[in-house]
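Each chain is listed here by its residues.
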Amino acid sequence: MSLPANQIKEPGMQSQPAKSPKEPSQESLPTNLLQEHSQESRILCPDPDIVVELNVGGQFYTTTMGTLMKHPGSKFPEILSRSARHYKDAQGRFFVDRPGTYFGLLLDYLRTGQVPTEYVPEVYQEAKFYQIHLLVKILEDMPQIFGEQVARTQFLVGVPNYQENLEVLLHLARAEAVAMRSSKVVVCVVRTEEDDAKCMEPLHILEAKKTPVVKFGPWKAGPVTEDFVYCLEKDIRAKGYKVTSQRYHLSRDPYTCFWIFVFTWW
């Protein structure tokens, strides 16, 4: 029996199974299509008119996708990405595990461009978290942030071992507080090498009496001793302590480099 012409095989040839059509692989896609595909999978709702509901630390906010995406490089694309779908509350709102108290001020800036004038330090921290870089830069030029970031912080960076000595001071204050309503720690503040040398003898006297004392300085440039003490008090209070300070005079201390810090516990 003869075979149809289309079924006749040439000697040495084997039949090949029919190939099913394949979708193009990612490697075969042009670069621009790859970028669009990546962006589409990353952003859940690219339409700027889509309404977005947010649960920020238990406080609820409603806005649009366009408002949240207004500033390139912010953290909102990550928050609203497909991979973040499981970060939703029971009502389907996008959940951000962040204090929501000041988010409204941040959202108003995104809507109107109006820079907040209240709670500036708190809004500054939130702007840094959400990576709204333009607002961060604007707030850093405002007096509340400029003074802290540029003046005070930069000065304290120049004081050797400031943070370490601050922790020692707090440790001594707690150690002296056993069964006491308040505790006292002597602080020696020397601005120059000359002051440092002059205060060595009184320091030895205090150590011999087992008086708790912490020494700061010397530093090369910056505010006077009184300004440093103010900075130190400010940082202690920021950690939740009740503290006051005043000069501590020793009979052999003509250079007023000693202060006493009083911590009140109850």
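Analysis parameters
Along each chain, residues carry numbers from 1 onward, in the same order as the chain's sequence is written. Only residues with pLDDT of at least 70 are given local features in this predicted model, and only at 80 or more are side-chain atom pairs given and counted; all residues enter the totals for whole chains, interfaces and linings. Water and hydrogen atoms were dropped before computing side-chain values, which therefore reflect all heavy atoms in the structure. An axis is simply a line fitted to the C-alpha atoms; with a helix, the fit covers only the stretch in contact. Between two such axes, the angle follows the N-to-C directions and lies from 0 to 180 degrees. Note on conventions: DSSP H or I runs of at least 4 residues are helices, E runs of at least 2 residues are strands, and numbering of each starts at the N terminus. The crossing is said to be left-handed when, going from far helix to near helix, the turn is anticlockwise and less than a right angle, and right-handed when the turn is clockwise. In what follows, a contact means two residues having at least one pair of non-hydrogen atoms within 4.5 Å. Ten residues, namely Ala, Val, Leu, Ile, Met, Phe, Trp, Tyr, Cys and Pro, are considered nonpolar, four, namely Asp, Glu, Lys and Arg, are considered charged, and the remaining ones, Gly among them, are considered polar. Any angle that falls under 35 degrees is termed roughly parallel, while one over 145 is termed roughly antiparallel, one within 65 to 115 roughly perpendicular, and all others oblique. In this description, a disulfide is simply a cysteine sulfur pair whose atoms lie within 2.5 Å. Type-normalised accessible area, obtained with a 1.4 Å probe on protein chains alone, sets the label of each residue: buried when under 20%, exposed when over 50%, and partly exposed for intermediate values. Strands are labelled as partners when DSSP assigns at least two bridges between them. Per-residue confidence from the predictor is given as pLDDT, running between 0 and 100.

The name an unreviewed UniProt entry assigns to the protein chain is Potassium channel tetramerisation domain-containing 14, from the organism Apodemus speciosus.

Digging into the packing of helix α8 (residues 162-175) against helix α11 (residues 225-238)
As a packed pair, α8 and α11 sit with axes 11 Å apart at the nearest point and diverge in direction by 65°. Judged by the twist between their axes, the crossing of α8 over α11 is right-handed. Between α8 and α11, the residues in contact are Tyr162, Leu166, Leu169 and Leu170 and Phe228, Cys231, Leu232, Asp235 and Ile236, respectively. Partitioning the contact of α8 with α11 into residue classes produces 8 nonpolar, no polar and 1 charged.

A word on the packing of helix α5 (residues 120-129) against helix α7 (residues 143-157)
α7 packs onto α5 with a crossing angle of 70° between their chain directions and a minimal axis gap of 9 Å. In terms of axis orientation, α5 runs roughly perpendicular to α7. For the pair α5 and α7, the contacting residues are Val120, Pro121 and Tyr124 in the first and Gln144, Ile145 and Gln149 in the second. Its residues placed into classes, the contact of α5 with α7 shows 4 nonpolar, 2 polar and no charged.

Looking at the state of the cysteines
Put plainly, a disulfide is one covalent bond tying together the sulfur atoms of two cysteines. A full pass over the atoms with the stated rule returns 1 disulfide. Two residues share a disulfide in this structure: Cys199 and Cys257, whose sulfurs sit 2.1 Å from each other. Between Cys199 and Cys257, the S-S dihedral sits near -130°, and the bridge is therefore left-handed. Note that Cys199 is positioned in the loop between α9 (193-198) and α10 (200-208) and Cys257 in the loop between β6 (242-247) and β7 (258-264), a separation of 58 residues in sequence. When its relative accessible area of 0% is taken as the criterion, Cys199 is described as buried. Overall, Cys257 belongs to the buried group, its relative accessible area being 3%. Cysteine Cys188 remains unbridged, with the sulfur of Cys257 as its closest cysteine sulfur at 4.2 Å.

Overview of the environment of Thr264
Inspection of the secondary structure puts Thr264 in strand β7. Exposure remark for Thr264: the relative accessible area of 29% places this residue in the partly exposed category. A C-alpha to C-alpha distance of 5.5 Å links Thr264 and Lys242, two positions 22 residues apart in sequence. Those residues in contact with Thr264, other than ones at most four positions away along the chain, are Arg181, Ser182 and Lys242.

Re the pairing of strand β4 (residues 182-189)
Of all 8 residues in β4, 6 are buried, a share of seventy percent or more. Where β4 lies against β7, 7 bridges are found, and the strand directions are antiparallel. Across the sheet, the residue bridging to Ser182 is Thr264, located in β7. Where β4 and strand β5 (residues 213-216) come together, 4 bridges link them in parallel fashion. From the neighbouring strand, Val187 faces β5, where its bridge partner is Val214.

Considerations on the confidence of the model for the protein chain
Caution applies to low-pLDDT regions: their predicted coordinates should not be interpreted in detail. Confidence in the prediction for the protein chain averages 82 pLDDT; 79% of positions are at 70 or higher. Contacts from residues 1-42, a stretch scored under 50 in pLDDT, to residues over four places away or in other chains number 11 contacts.

Notes on helix α4 (residues 103-112)
For α4, every residue scored as buried is listed here: Phe103, Gly104, Leu106, Leu107, Tyr109 and Leu110. Packed against the buried residues of α4 are β1 (51-56), β2 (59-64), α2 (65-68), α3 (76-79), α5 and α6 (133-140). Positive backbone phi, at 80°, marks Gly113, one or two positions downstream of α4.

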